[in-house]
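If you want the building blocks of each chain, they are given just below.
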Amino acid sequence: MAPVLRIAILTGLLSGAAAAQDSAPPPRVSASPPTADEVAQRPQARPDGLNDARAAEIRARDAAFDDWVAAFRGRALVQGVSGATFDAAFEDVGYLDDVIERDRNQAEFTMPIWRYLDRAVSDSRVENGRAALEERARLLDAIELRYGVEKEIVTAVWGMESAYGSHRGDIDTIAALATLAHDGRRGSFFEAQLIAALKILQSGDVAPRDMQGSWAGAMGHTQFIPTSYLAYAVDFTGDGRRDIWDDNPADALASTASYLSSFGWVTGQPWGVEVTLPEGFDYSLASRDVKRQPSDWAALGVTRPDGEAVDDFGAASILLPAGAQGAAFMIFKNFEVIERYNTADAYVIGVGHLADRLAGQGPLSTEWPREDRTLTFDERVELQRLLTRAGFDTQGADGRVGPLTIRAIRGYQRQTGAVPDGYASLMLLDDLRDDAG
């Protein structure tokens, strides 16, 4: 969003999926006396002073938040927000504990891609998406005609972000953004979003308490962050308001198409195509920096799973989201455009594959390495330190597996005779641990 790395990464899935509610089990009745373990598990009276300590902690936290809001008010007014708008927006707004917890655990970055896709492109989401395409056919056709973005892509974003409008989020946007800005981990980003949200309120497009969305401040049917709304939202209905919150999704869906078009969407080009790599493939070529025409990839033996060459839609790279053991994709310019909505590869593949399914294509052909799991943050830091210790410098240990770490992984894999796919697996970490003694 401007760019929309809405940090949504969970916004796309958690706020975009219908969560099943597990009913509580009935009370267990036993004829025998409770065991010592059972007694220990029962609620116990807290020692005197413990509740008081927690209450004091909450009071101190809330006081610090109120102080931050008071200081922020001055900064907001300097940037063109009126005092009346600010005061109405912050009426009864408080610190939201749950927002910080969610910010630490985003599904796109913490969940194996196969589990993510199981949810993102579930049978029910495909079925509901096809129903939405049929129900909103005239609207979606009109949006596609105006912006050149295929209706299946727009609908897939809608499905990923809010389950086709059924889960738009009910968290107060001002409270969520203020909490995140005060928290400070990405304070400058969220403060900019908060200023933008206040300007949206000042424009009259929505009332303060009607401005609701996800924990990360993303709003409406397709979860726009405020800065992206200001830059790209459109009034498709012509009623004088850019209303992405209304039950009528027209403005929201058109705004999504407007956004993707603004970042260079190529009409008729796929986001990506599943491919099969030949035996002996040079995995150093599987890099976002290596771009070739599909016909050139075909000359190297890279084809669709059915053995046919991919059409020359434009320059493309090879992406291995789960290493050599999982599915491979030939990705195009439109992959990068969807990436502006959310930077996680899992999210982009989720949107793209869901759009393909809505258009009538089948599931992916390649099995995922489901016995594997993603590395935790601490494990990624350990991996980087062990790689550097082994002579493959990652230029720091920040827990982010970027180009430098991938290059170091490939160097180590070549040295050990493994397939140099650059994938940070648990097996790789175990090998490095063994080598380190």
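Our subject is the structure listed above.
Thresholds applied
Residues numbered from 1 in each chain as written. Predicted model: local features only at pLDDT ≥ 70, side-chain atom pairs only at ≥ 80, totals over all residues. Heavy atoms only, no water. Helix = DSSP H or I, 4+ residues; strand = E, 2+ residues; numbered from the N terminus. Buried < 20%, exposed > 50% of the residue type's maximum accessible area, 1.4 Å probe, protein only. Contact = heavy atoms within 4.5 Å. Pairing = 2+ DSSP bridges. Axes fitted to C-alpha atoms, helices over the stretch in contact; angles between N-to-C directions.

J.: Any chance you could explain unusual backbone geometry here in plain terms?
T.: Glycine aside, a negative phi is what most residues show, and trans is what most peptide bonds show. One non-glycine residue with positive phi stands out, namely Asp92, at about 60 degrees. With respect to the secondary-structure elements, Asp92 resides in the loop between helix H3 (83-89) and helix H4 (97-103). Overall, Asp92 belongs to the exposed group, its relative accessible area being 78%. Its identity as a non-glycine residue notwithstanding, Ala163 has a phi of 50 degrees, on the positive side. Under the relative-accessibility criterion, Ala163 is labelled buried at 15%.

J.: Where do I start with the side chain of Ser287 in this structure?
T.: Within the element layout of this structure, Ser287 appears in the loop between strand S3 (272-275) and helix H14 (294-299). Assessed through its relative accessible area of 18%, Ser287 is described here as buried. Look past the residues within four positions of Ser287 in its chain and what remains in contact with it is Ser317, Ile318 and Arg410.

J.: Explanation requested: the sheet that holds strand S4 (residues 317-319) in the structure shown.
T.: Consider a sheet: its strands pair through backbone hydrogen bonds, and that pairing is either parallel or antiparallel. Taken together, 3 strands build an open sheet; the order of strands is S3-S5-S4 and the sheet is antiparallel. The outermost strands of the open sheet, each flanked by one partner alone, are S3 and S4. Pairs of neighbouring strands in the sheet enclose a mean axial angle of 30 degrees, with direction left out of account. Alignment of S3 against strand S5 (residues 328-331), held across 4 bridges, turns out to be antiparallel.

J.: Just to check I follow, could you spell out the environment of Asp183 for this structure?
T.: When you line up the elements, Asp183 lands in helix H10 (residues 173-183). The exposure class assigned to Asp183 is partly exposed, which follows from its relative accessible area of 26%. Distance from Asp183 to Ile100, taken between C-alpha atoms, is 7.7 Å for residues 83 residues apart in sequence.

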